[in-house]
Amino acid sequence: MFDALVLEQDDAGKTRSEIRQVDNDFLGEEGEVLVAVEYAGVNYKDGLCINGLGRLIREFPRIPGVEFSGEVLESRDARYKQGDKVIATGWRIGEISHGGYAQRARIKADQLVPMPASMTTRQAMILGTPGLTAMFGLQALEAHGLTLSKGDDAAEVLVTGAAGGVGSISVALLSALGYRVAAVTGRIDASGDFLRQMGAHTLIARDDLSEASARPLESERWLSCIDNVGGQMLARILGQLSYGGSVAAIGNAGGNDLPANVLPFLLRGVNLLGIDSVFQPCEHRVAAWERLAAQFPMEKLETIVTEINLGSLEETSKAILKGEIQGRCLVCL
Ligand code: NDP
């Protein structure tokens, strides 16, 4: 028997969570690999699932948790053997199958990534989906022309939603690679020092970019952008990109509507690049994790992380929905 956070739905359709003891049978037979979960992350999506919002989970009971890292206990697939360290993110685990908020998880081998040699399960899950997605965002910007040589002393790469998980990891990654980073945040007072520690060169108040501009094209301010916010702010940023610059559009914390003007595309050749980490093919994930292991400044992870246990997950899930979490929350199983 082992501990798990289990979601149930009552007859009125209301979701509630409880921590209880379950056994391997609870996990079902689907999935060739049984993993002893060591760490799981807490994402915005987990906030939605635990609080019964967004109808992401349709079948109950369900163990949520969209990502985890741990050690293989049993495997029916030749690619994995007992004792291997593994990472699981994406594929809607924790929504359409049981996820990481338990001490055991059963998962398909195709959905796992082997742990890079120099990375620990703890480092992997502090980075988690935000780290993987930040790397996909960076790779998309690079594929569309972002290079260090394009920068001069004044040119900055912009990161929005910077104090959150994807944002803070993006700031640390870009800055470690040598880019000059501008970080947009709604909480300069509370998170300014943290963002400077992550490597931000310039702090921009969210309000400075929240309003629509009267002009569809403003002065060219940013080489490129990793955007976690969307909405009006994204529309504004498109009109401030340098010629040929790109936005890696990752998140929608600021809303789904995009009231954009076509002129930045027509007159400055800017690119709007959608990033989806959930269904990226496995070979891309393996390459991205290996690059994170090689290039992410791991010493910054201890500043990014707050550790919690299953018991405080419900409270944390509410805080992440309100945008109150700085950096990353790590559930230790
Ligand atoms: P977090 O909740 O950790 O961070 C989101 C940040 O966005 C907040 O910290 C806050 O930053 C900012 N923010 C919150 N609300 C608003 C608002 N109303 N207007 C403007 N800014 C706001 O989430 P994550 O970093 O984990 O994820 C960021 C986004 O990316 C989410 O929308 C998530 O769903 C999405 N995502 C997408 C993935 C993909 O594959 N495309 C993968 C992972 C996440 P600050 O306080 O600094 O302003």
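Up top is the structure these notes are about.
Reference entry: report on the structure contained in this document. (Residues numbered from 1 in each chain as written. Predicted model: local features only at pLDDT ≥ 70, side-chain atom pairs only at ≥ 80, totals over all residues. Heavy atoms only, no water.)

## Concerning the overall build of the protein chain
- Helix and strand counts for the protein chain come out as 10 helices and 15 strands.
- Relative to a compact globule of 333 residues, whose C-alpha radius of gyration would be 20 Å, the protein chain shows 20 Å and is just as compact.
- With the C-alpha coordinates of the protein chain rotated into their principal frame, the extents come out at 60 × 45 × 35 Å.
- When burial is assessed residue by residue, the protein chain has 54% of its 333 residues classed as buried. (Helix = DSSP H or I, 4+ residues; strand = E, 2+ residues; numbered from the N terminus. Rg over C-alpha atoms; globule rule 2.2 N^0.38 Å. Buried < 20%, exposed > 50% of the residue type's maximum accessible area, 1.4 Å probe, protein only.)

## Description of unusual backbone geometry
- The amide bond that connects F60 to the next residue, P61, takes the cis arrangement and shows omega of -5°.
- Assignment of secondary structure puts P61 in the loop between helix 1 (44–50) and strand 4 (67–75).
- You will see that W91, though not glycine, has its phi angle at about 60°, which is positive.
- By the secondary structure assignment, W91 is in the loop between strand 5 (85–89) and strand 6 (104–107).

## Looking at the site of the ligand
- Taken together, the neighbourhood of the ligand is formed by 24 residues, with V166, T185, G186, R187 and S277 sitting nearest.
- Interatomic distance of 3.3 Å between a backbone N/O atom of G164 and an oxygen atom of the ligand.
- In the model, an oxygen atom of the ligand is placed 2.7 Å from a nitrogen or oxygen of the T185 side chain.
- In the complex, 83% of the free accessible area of the ligand, which totals 920 Å², lies under the protein chains.
- When contributions to the shell around the ligand are tallied by element, the ones reaching two or more residues are helix 2 (121–143), helix 3 (165–176) and strand 9 (181–185).
- The residue makeup of the shell around the ligand, split by class, is nine nonpolar, 12 polar and three charged. (Near = heavy atom within 4 Å. Polar contact = N/O pair within 3.5 Å; in protein donor to acceptor, adjacent residues only side chain to side chain. Areas by Shrake-Rupley, 256 points an atom, 1.4 Å probe, with all protein chains shown as cover. Nonpolar A, V, L, I, M, F, W, Y, C, P; charged D, E, K, R; others polar.)

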